[in-house]
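Here is how the chains run, residue by residue.
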Amino acid sequence: MHQPSPPEGGVIEASIETSLTYETLLHAQQLRKIRLKSFCSRHAKVFKSQSQKSAEGALANVVVNAKLELMYCKAPEIELDGWEQLLWGLENTGAATLWRPIVSNQSLLEAVPPRGKNSVKLLQIGNIPNYYTKILFVRDPFERLVSSYLQQFADKMPFLEFLTRRLQNSTRPWQPIVTSCHPCRIKYDHIINYKFLDIEVRHLMHKLGLQTGSWMMKLENKSLHRTHTWISQKLLNELPVEQKKELFHAFRWDFKAFQFSSLL
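Residues numbered from 1 in each chain as written. Predicted model: local features only at pLDDT ≥ 70, side-chain atom pairs only at ≥ 80, totals over all residues. Heavy atoms only, no water.

This is how it is decided: UniProt positions are given in the numbering used here, feature names are shortened, and annotations may be inferred rather than shown by experiment.
By the naming in an unreviewed UniProt entry, the chain is Carbohydrate sulfotransferase, taken from Pleurodeles waltl. Taken verbatim from the UniProt record of the chain, the Subcellular location (unreviewed entry) comment is "Golgi apparatus membrane". You can read under Sequence similarities (unreviewed entry) in the UniProt record for the chain the words "Belongs to the sulfotransferase 2 family."

1. Topic: the overall build of the chain
Quick note on the threshold: Comment: elements are numbered from the N terminus, with helices defined as DSSP H or I runs of at least four residues and strands as E runs of at least two. A 1.4 Å probe rolled over the protein chains alone gives each residue an accessible area, and that area as a share of the maximum for its type sets the label: buried under 20%, exposed over 50%, partly exposed in between. Note on definitions: a residue-residue contact is assigned when non-hydrogen atoms from the two residues lie within 4.5 Å.
In terms of helices and strands, the chain carries 12 helices and 4 strands. When burial is assessed residue by residue, the chain has 47% of its 264 residues classed as buried. Long-range pairs, those at least 24 residues apart, make up 77% of the contacts in the chain between residues at least 6 apart in sequence.

2. Details of the packing of helix α2 (residues 22–42) against helix α9 (residues 197–208)
Put simply, the rule is: Between the N-to-C directions of two axes lies an angle of 0 to 180 degrees, each axis being a line fitted to C-alpha atoms and, for a helix, fitted only over the stretch in contact. Reported orientations rely on four angle classes, namely roughly parallel under 35 degrees, roughly antiparallel over 145, roughly perpendicular from 65 to 115, and oblique for the rest. For this classification, the nonpolar set comprises Ala, Val, Leu, Ile, Met, Phe, Trp, Tyr, Cys and Pro, the charged set comprises Asp, Glu, Lys and Arg, and every other residue, Gly included, is treated as polar.
Between α2 and α9, whose axes approach to 11 Å, the crossing angle comes to 95 degrees. Accordingly, the angle class assigned to the pair α2 and α9 is roughly perpendicular. Contacts between α2 and α9 pair Y22, L25, L26, Q29 and R32 from the former with I199, E200, R202, H203, H206 and K207 from the latter. Looking at side-chain class alone, the contact of α2 with α9 contains 4 nonpolar, 3 polar and 4 charged residues.

3. As for the sheet that holds strand β3 (residues 133–138)
So the rule is basically this: Strand pairing is defined by DSSP finding a minimum of two bridges between the two strands.
Reading across from one edge, β1-β2-β3-β4 is the order of the 4 strands in this open sheet, with mixed pairing throughout. Of all the strands in the sheet, the pair left with one neighbour each is β1 (62–65) and β4 (190–193). Across the sheet, the mean angle separating the axes of adjacent strands is 20 degrees when strand polarity is ignored. Looking at chain direction, strand β2 (residues 70–73) and β3 are connected through 4 bridges and run parallel. By the bridge assignment, M71 is partnered in β3 with K134. Here α9 sits on the sheet in contact with β2, β3 and β4, set at roughly 155 degrees to β4.

4. Considerations on the nonpolar core
Keep this limit in mind: The nonpolar core is taken to be a set of buried Ala, Val, Leu, Ile, Met, Phe, Trp, Tyr and Cys residues, with the residues joined through side-chain atoms within 4.5 Å.
Judged by nonpolar contacts, the single largest core of 61 residues is most densely connected at W83, F137, F159, M205 and F258. Dropping the residues within four chain positions of it, F137 is found in contact with Y72, C73, K74, I78, L80, W83, I177, I192, L197 and V201.

5. Observations regarding the pattern of salt bridges
Selection rule: Salt bridges are defined as contacts in which a side-chain nitrogen from Lys or Arg sits within 4 Å of a carboxyl oxygen from Asp or Glu.
One pass over the full model with this rule turns up 5 salt bridges. Notably, a salt bridge pairs R139 with E143, separated by 3.8 Å at the nearest N-O pair. The burial state of R139 is the same as that of E143; both residues are buried. Measuring nitrogen to oxygen at the nearest pair gives 2.7 Å for the salt bridge that ties R202 to D198.

6. Observations regarding the packing of aromatic side chains
Note the following rule: Aromatic rings from Phe, Tyr and Trp, with only the six-membered ring used for Trp, were paired whenever their centres fell within 6.5 Å, and each pair was classed as stacked if the ring planes differed by under 30 degrees, edge-to-face if by over 60, and tilted otherwise.
This structure, assessed with the given rule, holds 13 aromatic pairs. Joined through ring pairs, the aromatic side chains of F142, Y149, F153, F159 and F162 make up one cluster.

7. Some words on α9
For clarity, the cut-off: Multiplying 1.5 Å by the helix residue count minus one yields the expected span of that helix.
The terminal C-alpha atoms of α9, which comprises 12 residues, lie 16 Å apart, in line with the 16 Å expected from a rise of 1.5 Å per residue. Residues L197, D198, E200, V201, H203, L204, M205 and L208 constitute the buried set of α9. G209 sits one or two residues past α9 and shows a positive phi near 75 degrees.

8. As for the confidence of the model for the chain
The line we're drawing: pLDDT measures the predictor's confidence residue by residue and takes values from 0 up to 100.
Averaged over every residue, the pLDDT of the chain is 76; residues scoring 70 or more account for 69%. Residue range residues 1–8 is modelled with pLDDT below 50. Its contacts to residues more than four positions away, or to other chains, number 17 contacts. Contacts for the low-pLDDT stretch residues 97–118, under 50 throughout, to residues beyond four places or in other chains number 47 contacts.

As structure tokens, then:
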């Protein structure tokens, strides 16, 4: 199985784990964007064609928040309940302090899609003001699958059967992040790894100048995360080589673009 070498990927994650400073997080963001830009450049023809085909379709995983001047995209099984509760709190308590006043210009309101999913088309992305912060949440494909299995299917079938069904019936929600969030077409300001959701969102809020107050709750349960990581590793170790190859092939774009390490 041909797999990309992970030159910076492991270094980025290791540096975050050992040194949780804003400088480290800023450096990690820069490396992720450089790596993604290089990936998009190498595969420009592939993703230009895909973007043209899906330009009129709704981006089901994109949410635009006009009040907080944010746009974010996440693939299924990247649990962001804490993030969405945080945004709700900022919107509804008046706790958020934006650098600029909320724009009420009618032409802008018409250009920006209403808050919510299934409302944004790829062609509309260009209408979103440049000062909106665009955020991409990413997660290792194998961890996404394990999360879905544990939440919905663990009491119904063995993991190998679940994985085989997923690979044989590739539904739209299980598209790679690269094809569902279009990072080669949309210029995201922040790429947040689910593995470091808590600290990276704190860094983002600080950088945006948003006064979150008590709404900056714990976005992840570290004990639960460790348990999930242990289960994921156990299931991966038990996975036959052939299934690992199929899984890598199905999500090869994500593994190459974001240097996830589970199958490397």
